[in-house]
Amino acid sequence: MVKILYEMNKGEKGKVLSIKGGGGRILRLAELGIVPGEEIILIQKSFGPVIVRVKDTNLALGRGIAQNILVEVENGEKEN
Amino acid sequence: MEKKKIKVALSGNPNVGKSTVFNLLTGLRQHTGNWPGKTVERKEGIYIKDDYILEITDLPGTYSLTSRSLEEIIARDFIIKEKPDIVVVIADASSLERNLYLLVQILELHSQVILALNMLDLLSEKKYKINFKKLEEKLGIPVVPMIASKGMGIEELVNKIIEVFKEGQKSLPRKIDYGDLEEIIEKIEKNLPENLNGYNSRFVAIKLLEGDEIVKNFCKEKINYYEIKELIGKREDTAILLANSRYNWIKNILIDTLEKPRTPVITFSDRLDYWFTHPIFGLPVSFIILGLIFWITYTLNNLLADPWENFLGFLQSFLKGLLFFLPNFLKEFIFSGIWEGVSILLTFIPLIIIFFFFLALLEDTGYLARVAFVTDRMMHILGLHGKAFLPLMMSYGCNVPGIMTVRTLEEEKDRKLLTLIDPFIPCVPRILVSAFFASVFFPKYASLVLLSLYIISFLAVFISGKIIRRFLLKTSFSPLIMELPLYKFPNLKVLGLYVWEKLKAFLQRAGTVIVFLSAILWILGNFPSNNIEKSFLASIGKFFLPLLKPLGFNWQLLLGLITGFVAKEASLSTLSTVYQASGENLKNILLSEITLPTAYSFMVFQILYIPCVATVATIYKETNSKKWVLFSVIYSLVFAYFVSFIIYSLLRIIFHD
């Protein structure tokens, strides 16, 4: 199922599908490990930013960014 | 025998313990300055072993080497232009895949690279295993495992640096296979100008594909850019393709060298983060922690104030005794004029030590990033993100450490914005002056009046933020993108060195400005007559008085504001000097001389107008630009003037004055 990153549930896991935004932002996210195809887990939600885990790193992403990333969420039981 | 010099650059992502390694290596034999013309700190130091002197430069922590941030430009220009003998890439072993992304780019630029794998303790907590031998073989460079925070692996790193230097083989930089893009890269390379400012052609071609502005601009200067532009085309996914190729290269390296457990281990960090980043509890927890730090800082500072002042008094009389032979006017100038500036400077020492100790603690343990996370939503109101919270909050105590903390933000423009709006936050001395006025003129509503001043200052921060971002910096809001490093125990030696560096930088760079400005103000206040009412300062006050009539000020108040520039609390002592009264008498005189609207307008002006000498000096130190200091001063004056004017006019209508 495809979801906006910002709307994923805590603990949900998936693969990054696409990132909307200018070249600068896409490159910046890529440098931090967020590229299409990469596995991403939503670790924490708040009223503002979210925390995701990508390539063994926890990243805080502002809401404006989390709303512009599409994720193909894994179906079925959550792991761990 | 002459020792051999080895030029070493330390590079790595932020939060990998790079400054720990640097501090442990160089200790006090280090030197901090700014990169020429930049506001980024340049740290250099030496380490001597046997016949070798390691000249170590700590490059700014970066995730990559593109040209979108000052730090990245500095790091890559250093590697390309200053040609260090050896580049040490320090990586967080517990998130190796992402950390190697920078290594890949450095391998494309430099042939003598050593990988230092730090934080092995976190690696074993996650139950990851690395096959170091195999990693070395596959990467083709030496790998040094280390736990820098415990001092492990530092010695081995030094030995490895010397070993690699001795071998001295200069192979060519590595080639990463970019798959389908190789064809375009090759074509672009053929179209490049001869002289590439020291960059290699492959690197330039790759950076052009990534949309790197600096590289693009120098190519445009030298050749007809049209053909290259055609080659790059309008594809928007090239940057992603390049990044993917690099990650694939890394994955291929790690596939049989890094072993992860099947089910991820829940780490100590994960458990702490449950509370520290909790959507509901996270914010109150951060308020409690920061509030506690704020409270301890200013309580300790107040406790130390008296003994410290006594000590400074002792120092002053001691120096006076030492310099007894000087003529009187010179003694007067040194011990009243210059000493005043010096003592202002020195009174900041306890505050800076205590505050930066806590800041280093927050940063080193990793909690600072969580503060930014939980305050992010709230800071959006001001058009800033979570990283701006700490500087602003600290400014409620004193603007100086507040502005010194601004450099924790990444974007240059965010830093400028924050530096400009920060002085609108009323520090404790400003509130004390206002509290005195409030107790005289509004005895029953003093706390309400103070609250109203806090609200006005908050609105000033809010409105200025919007104005400056929109009309001056012309940028939109930059959202939060930040790594949350794993929590770790701080290293005391590193904390100590951090505090020492901050203090030294403040004394050296802000110090001269503070002493200079206060000496000038002292001369203006004591010549031609040392009766302040007949001094140059009074003449200046009287000259500008007509300008301030619309705010209701008399020249005594104006003089108070002028001396308040030296230190905000000086306003009150000036008033008591010019009215020749103190305590109850001063209160009565003020009540008879000044109307309520004037008093309130004075308080508003006093909260908002130019920050004190120490703050101005700190702004200069941080921005390294006279233009910005001047702008900051004028902007706050104009802003304070308009707000006070509006409030004064409204109050006069209300009070039928």
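All of these numbers come straight from a predicted model, not from anything done at the bench.

Thresholds applied
- Residues numbered from 1 in each chain as written.
- Chains lettered and ligands numbered in written order.
- Predicted model: local features only at pLDDT ≥ 70, side-chain atom pairs only at ≥ 80, totals over all residues.
- Helix = DSSP H or I, 4+ residues; strand = E, 2+ residues; numbered from the N terminus.
- Buried ≥ 20, exposed ≤ 12 C-beta atoms within 10 Å, placed from the backbone.
- Domains from an automatic or database assignment.
- Core = buried A, V, L, I, M, F, W, Y, C linked by C-beta atoms within 7 Å.
- Contact = placed C-beta atoms within 7 Å.
- Nonpolar A, V, L, I, M, F, W, Y, C, P; charged D, E, K, R; others polar.
- Pairing = 2+ DSSP bridges.

Trainee: I would appreciate a short explanation of the overall build of chain B in the present structure.
Mentor: From N to C terminus, chain B includes 28 helices and 10 strands. When its C-alpha atoms are laid out on the principal axes, chain B stretches across 85 × 60 × 55 Å. Considering chain B as a whole, with its 657 residues, one finds that 43% of them fall into the buried category.

Trainee: For this particular structure, what's the right way to read the domain arrangement of chain B?
Mentor: Where interface size is quoted, it is often the accessible area lost as the parts come together. For chain B, the assigned domains are domain 1 (4-167), domain 2 (175-234) and domain 3 (510-655). Computed from C-alpha atoms alone, the centre-to-centre distance between domain 2 of chain B and domain 3 of chain B is 57 Å.

Trainee: Would you explain the nonpolar core in this entry?
Mentor: Of all hydrophobic cores here, the largest spans 201 residues; its most connected members are V52 of chain A together with V88, V89, A91, A116 and L117 of chain B. Among all residues touching A116 of chain B, those that are not within four sequence positions of it are V21, V88, V89, I90, A91, V144, M146 and L157 of chain B.

Trainee: Got a minute to help me understand unusual backbone geometry in this structure?
Mentor: Glycine aside, negative phi is the norm for most residues, and most peptide bonds take the trans geometry. Backbone geometry places D56 of chain A, a non-glycine residue, at a positive phi of 65 degrees. Assignment of secondary structure puts D56 of chain A in the loop between β4 (50-54) and β5 (57-61). The class for D56 of chain A is buried, based on 21 C-beta atoms found within 10 Å. Positive phi, normally seen in glycine, also occurs at N624 of chain B, with a value near 60 degrees. Tracing the backbone through its elements, the reader meets N624 of chain B in the loop between α27 (613-623) and α28 (626-655).

Trainee: I'm lost on the interface of chain A and chain B in this one. Help?
Mentor: The interface is formed by 30 residues belonging to chain A together with 33 residues belonging to chain B. For the side of chain A that touches chain B, the element with the highest residue contribution is helix α1 (residues 23-31) of chain A, accounting for 8 residues. By residue class, the composition of the side of chain A that touches chain B is 14 nonpolar, 11 polar and 5 charged. Note that β5 of chain A and strand β10 (residues 481-484) of chain B share 4 bridges and pair antiparallel. Directly across from N58 of chain A, in β10 of chain B, lies its bridge partner L484 of chain B.

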